[in-house]
Amino acid sequence: MDDLQVLGVVCILGVTCYAMRAGGYVLAASMRDDGIAARFLRLAPGNLFIAFIVGGCMSGGLAGLVGTVVALVTMAVTAREWAALSAGFAAAFAASAIVP
Amino acid sequence: MTTAGFRRGLVAALPFLLSNGAAGLVMGLTYKGLGLGAAHAILFSLLVYSATAQAITLSMWASPLPVAAMVVACIATNSRYLLMGAHLRQLFGGLAPRKMLPTLFLLADASWLMTNSDADRNGPDAGYLLGSSIPMAIGWVGGTGLAYAAPLAANGSLKLAAALLPTMFIATLLPSQWKNARSPWPWLTSAVAALLVARFVDPSWSMLIGGGCGTLVSMMERKDG
């Protein structure tokens, strides 16, 4: 495969991905602050957090589910991020060792 | 955009140096297996900077390259960034575009989620978005480069650690988000919708569709927004 062709494709895909990242920000300039879309965006973060976590657990299998639940419970109890991540990883690796 | 916010984001996202580094390494090893040169692989991770878009375009790699199909795949997998960007406008709308637009180059799921959580605690600060984005980008691009520099092979533990950290890290942000919730129904809706989409449609759409369904329920139960 021609190096220049690969370089061109990488640049096209890079521009496409940046357009998606900046596009929402630029288009939102024309949005009314009290409109339905603005209200939707204000309420979206927590719900997107949950959906992101569920998607991650699905792709991570049992180890992902166990690790995420343990990390979440540890965070709720201790409010210490390092403790939550350590406990989550330990649980995930233990789960993957028991059920490969 | 403050220096304190930048520092706070940079420190908070340091674990992503490792997880994105491991994931970038796995991506780099795959590129290497395809016969892509180091410079092209690093440029790919730097410019596209999206695990899902890179994985999908990688699976389409053929001669001749199906450019149009790859562009459509990038748009489909990254459409969630439109929503994230529009939400960031609400947080940082007063900031000059010359500061925000370059920062958006490094926008990632985790940096957006962390910035929202920090905005709830400390108020909106685009410095946090930039600071938290930097370790993630260095990890991802550095990991891709490391795949070419070191005689490594992807193993199970490395793949598992790389796959799990983003999800676990975002899970640690949930307790602080719960205080904004009025009932469990929106979150439950998000979870069920994301589960169904990931199972029956495509995992890359689960965040956008699941989060969207939950937000509609939030809108129905709140009149004041």
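Our subject in this report is the structure included herewith. Since the model is a prediction, treat every value here as computed from it, not as a measurement. (Residues numbered from 1 in each chain as written. Chains lettered and ligands numbered in written order. Predicted model: local features only at pLDDT ≥ 70, side-chain atom pairs only at ≥ 80, totals over all residues. Heavy atoms only, no water.)

1. What to know about the interface of chain B and chain A
Move 1: On the chain A side, the residues contacting the 83 residues of chain B number 63 residues.
Move 2: The largest contributions to the chain B side of the interface with chain A come from Arg89(B), Met168(B) and Met219(B), which together make up 10% of the buried area.
Move 3: At the junction of chain B with chain A, the criterion picks out 0 salt bridges.
Move 4: Seen at the junction of chain B and chain A, the total is 10 residue pairs in polar contact (both at pLDDT 80 or more).
Move 5: Residue classes in the side of chain B that touches chain A are distributed as 52 nonpolar, 25 polar and 6 charged. (Contact = heavy atoms within 4.5 Å. Buried area = accessible area lost by both parts, 1.4 Å probe. Salt bridge = Lys/Arg side-chain N within 4 Å of Asp/Glu carboxyl O. Polar contact = N/O pair within 3.5 Å; in protein donor to acceptor, adjacent residues only side chain to side chain. Nonpolar A, V, L, I, M, F, W, Y, C, P; charged D, E, K, R; others polar.)

2. Focus on the layout of surface pockets
Move 1: Quantified by volume, the largest pocket comes out at close to 1,100 Å³.
Move 2: For the lining of the largest pocket, the elements supplying multiple residues, two or more each, are α2 (36-78) of chain A together with α2 (15-34), α4 (51-59), α6 (80-92), α8 (109-122), α9 (126-149), α10 (156-171) and α13 (206-221) of chain B.
Move 3: Split by residue class, the lining of the largest pocket holds 20 nonpolar, 10 polar and 4 charged. (1 Å grid on protein atoms, 1.4 Å probe; cavity = no way out; pocket = protein on both sides within 12 Å on 5 of 7 lines; lining within 4 Å. Points joined across faces, edges and corners; volume = space filled by probe spheres on them. Helix = DSSP H or I, 4+ residues; strand = E, 2+ residues; numbered from the N terminus.)

3. A look at the packing of aromatic side chains
Move 1: Across all of its chains, the model carries 4 aromatic pairs over all chains by this definition.
Move 2: Feature note: the residues Tyr31(B), Phe44(B) and Trp61(B) constitute an aromatic cluster, connected by ring pairs.
Move 3: Above the face of the Tyr148(B) ring, Lys32(B) is positioned so that its terminal group lies 6.0 Å from the ring centre.
Move 4: Across the ring face of Tyr25(A), the terminal group of Arg89(B) is positioned such that the distance to the ring centre comes to 4.6 Å. (Phe/Tyr/Trp six-rings, centres within 6.5 Å; stacked < 30°, edge-to-face > 60°. Lys NZ or Arg CZ within 6 Å of the ring centre and 35° of its normal.)

4. A few points about the environment of Thr144(B)
Residue and element names in this part refer to chain B.
Move 1: Within the element layout of this structure, threonine 144 appears in helix α9.
Move 2: The buried category is assigned to threonine 144, whose relative accessible area is 0%.
Move 3: Once the C-alpha coordinates of threonine 144 and alanine 68 are considered, the two residues, 76 residues apart in sequence, prove to be 25 Å apart.
Move 4: In this structure the side chain of threonine 144 is engaged in a polar contact, spanning 2.8 Å, whose partner is the side chain of serine 45. (Buried < 20%, exposed > 50% of the residue type's maximum accessible area, 1.4 Å probe, protein only.)

5. Re the packing of helix α1 (residues 3-27) of chain A against helix α7 (residues 97-104) of chain B
Move 1: One way to put it is that α1(A) packs onto α7(B) with a least axis distance of 9 Å and a crossing angle of 145°. Relative to α7(B), α1(A) is oriented so that their crossing is right-handed. Between α1(A) and α7(B), the residues in contact are Tyr18(A), Arg21(A), Ala22(A), Tyr25(A) and Val26(A) and Met100(B), Leu101(B), Pro102(B) and Leu104(B), respectively.
Move 2: When its residues are assigned to classes, the contact of α1(A) with α7(B) shows 8 nonpolar, no polar and 1 charged. (Axes fitted to C-alpha atoms, helices over the stretch in contact; angles between N-to-C directions. Left-handed = near helix turned anticlockwise from the far one by under 90°.)

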